[in-house]
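Residue strings, one per chain:
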Amino acid sequence: MQRISDILPLREQRRKWQIDGKVIGFVPTMGNLHQGHLQLVKEAKKVCDVVVVSIFVNPMQFGPSEDLDAYPRTLEQDSQYLEELGVDCLFTPRAKDIYARGLEQQTFVEVPGISYMICGASRPGHFRGVATIVCKLFNMVQPNHAFFGEKDFQQLQVIKAMVQDLSMNLKIHGVPTVREADGLAMSSRNGYLTESERKVAPILYQSMLKLSEQIVAGRRDFRKLINEHSLTLYNSGFKTDYIEIRSADTLLQPGHEDTELVILAAAFLGKTRLIDNIPVSLE
Ligand code: PAF
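Described in the following lines is the structure provided in the data block. Every chain's residues receive numbers from 1 upward, in the order its sequence appears when written. The model is predicted, so local features are restricted to residues of pLDDT at least 70 and side-chain atom pairs to those at 80 or more, both for listing and for counting; the totals for chains, interfaces and linings are taken over all residues. Where side-chain values are given, they derive from all heavy atoms of the structure, hydrogens and water being excluded.

**Brief notes about the site of the ligand**
We call a residue near a molecule or strand when any one of its heavy atoms sits within 4 Å of it. In the vicinity of the ligand, the contacting residues are Pro28, Thr29, Met30, Asn58, Gln61, Ile133, Val134, Phe148 and Gln155. Here an oxygen atom of the ligand and a side-chain polar atom of Gln61 are 2.6 Å apart. Here a polar contact is taken to be a pair of N or O atoms separated by no more than 3.5 Å, where protein atoms must pair a possible hydrogen donor with a possible acceptor and residues adjacent in sequence count only if both atoms sit in side chains. With respect to the ligand, the side chain of Gln155 contributes an N or O atom lying 2.7 Å from an oxygen atom. Accessible areas in this description were obtained via Shrake-Rupley with a 1.4 Å probe; residue shielding takes into account the shown protein chains only. Contact with the protein chains removes 88% of the 290 Å² of surface that the ligand exposes when unbound. A run of H or I in DSSP becomes a helix once it reaches four residues, and a run of E becomes a strand once it reaches two; helices and strands are each numbered from the N terminus. Those elements that place two or more of their residues in the shell around the ligand are β2 (24–29) and α6 (126–141). Classes in brief: Ala, Val, Leu, Ile, Met, Phe, Trp, Tyr, Cys and Pro nonpolar; Asp, Glu, Lys and Arg charged; the others, Gly included, polar. Split into classes, the residues belonging to the shell around the ligand amount to 5 nonpolar, 4 polar and no charged.

Set out below in structure tokens:
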């Protein structure tokens, strides 16, 4: 596996792959890799001849009250996992090259509407930071395919909208959430949980499953259902940021005609903000 930090050698390598007719897959990450990320790599390897993984902890997607410095950096361990999976190139750009004119001056990409709701309402500017870095990384790697976890469902929708709106020439793949044996969605943030919080954490997924069963069984009093589940979570030690039942396509409030819904939730356990989502099909 090659390790590249500079953009010029990355472009040179990319040019060689193109001459050789290789299909290029890309998995952007912020590192601290777990099975969820590794699943993205495995999916990329199924579809592509060569796979590039980036690790860049993107300051632009962290809010002022979110601790960028505390984000876990585990580059050597990450690199070993990727090597074992047969990744072709690990791209680790530096912040000073990515944001050469400084964050304040940085041209940005913003996907209106979808970026402002749900997680975007709780984390203003977050999806602008995500869309901007993903656009920049796409320009550097120029992949044919890129892979993102469905765990970050809204992020995936924002990226799909950006690719469509800006006529980007690549295919975006959503990869199903990988869960621990007890149902907790894998996430780098799980590492922040204390031992006792970790035991409680799967209740979020259990509560969402129960909510989806209630909807499939015919309940349509969504506001009441959401209040009931927020209370259950509160009684288990969570502070709910949101529970939303939305159209899976648009992330808007579902109408009577919508048959594919998604339940999205974010809740704090202590200082850790967990997010999860599950699809609900009414067909
Ligand atoms: O999902 C993530 O890890 C990040 O938001 C991403 C897509 C790598 C952009 O920094």
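**Considering the pairing of strand β8 (residues 260–269)**
The classification of residues rests on relative accessible area computed with a 1.4 Å probe and restricted to protein chains. Under 20% of the type maximum is buried, over 50% is exposed, and intermediate values are partly exposed. The buried count for β8 comes to 8 of 10 residues, which makes it a mostly enclosed element. We treat two strands as partners when DSSP finds at least two bridges between them. Across 10 bridges, β8 lies against strand β9 (residues 272–281) in antiparallel orientation. Residue pairing across strands places Leu264 opposite Asn277, the latter belonging to β9. Adjacent in sequence and paired antiparallel, β8 and β9 are bridged by 2 residues, among which Gly270 carries a positive phi angle near 60 degrees.

**Comments concerning the nonpolar core**
The tendency in soluble globular proteins is for nonpolar side chains to be buried side by side. Formed by 48 residues in total, the largest nonpolar core has its most connected members in Phe138, Met162 and Ile172. Tallying contributions element by element places α6 first for this core, with 10 residues. Any two residues whose heavy atoms approach within 4.5 Å at even a single point are treated as in contact. Setting aside its immediate chain neighbours within four residues, Phe138 contacts Phe26, Pro143, Ala146, Phe148, Ile159, Met162, Val163, Met168, Leu170 and Ile172. Take the buried residues of types Ala, Val, Leu, Ile, Met, Phe, Trp, Tyr and Cys, join any two whose side-chain atoms come within 4.5 Å, and each joined set is a nonpolar core. Counting 23 residues, the second largest nonpolar core, distinct from the first, contains Met208, Ile226, Leu261 and Ile278.

**As for the sheet that holds β2**
Strands sit in the order β1-β4-β3-β2-β5-β6 across an open sheet of 6 strands; the sheet is parallel. Among the strands making up the open sheet, the edge pair consists of β1 (2–4) and β6 (171–175). Strand-to-strand twist across the sheet, computed as the mean angle between neighbouring axes with direction ignored, equals 25 degrees. Lines fitted to the C-alpha atoms define the axes, with helices restricted to the stretch that makes contact. Angles between their N-to-C directions range from 0 to 180 degrees. Helix-sheet contacts for helix α1 (residues 7–19) involve β1, β2, β3 (50–55) and β4 (89–91), and the interaxial angle to β1 is about 135 degrees. Most of the contacts of helix α7 (residues 153–165) go to β6, to which it runs at about 170 degrees, and overall it touches β5 (145–149) and β6.

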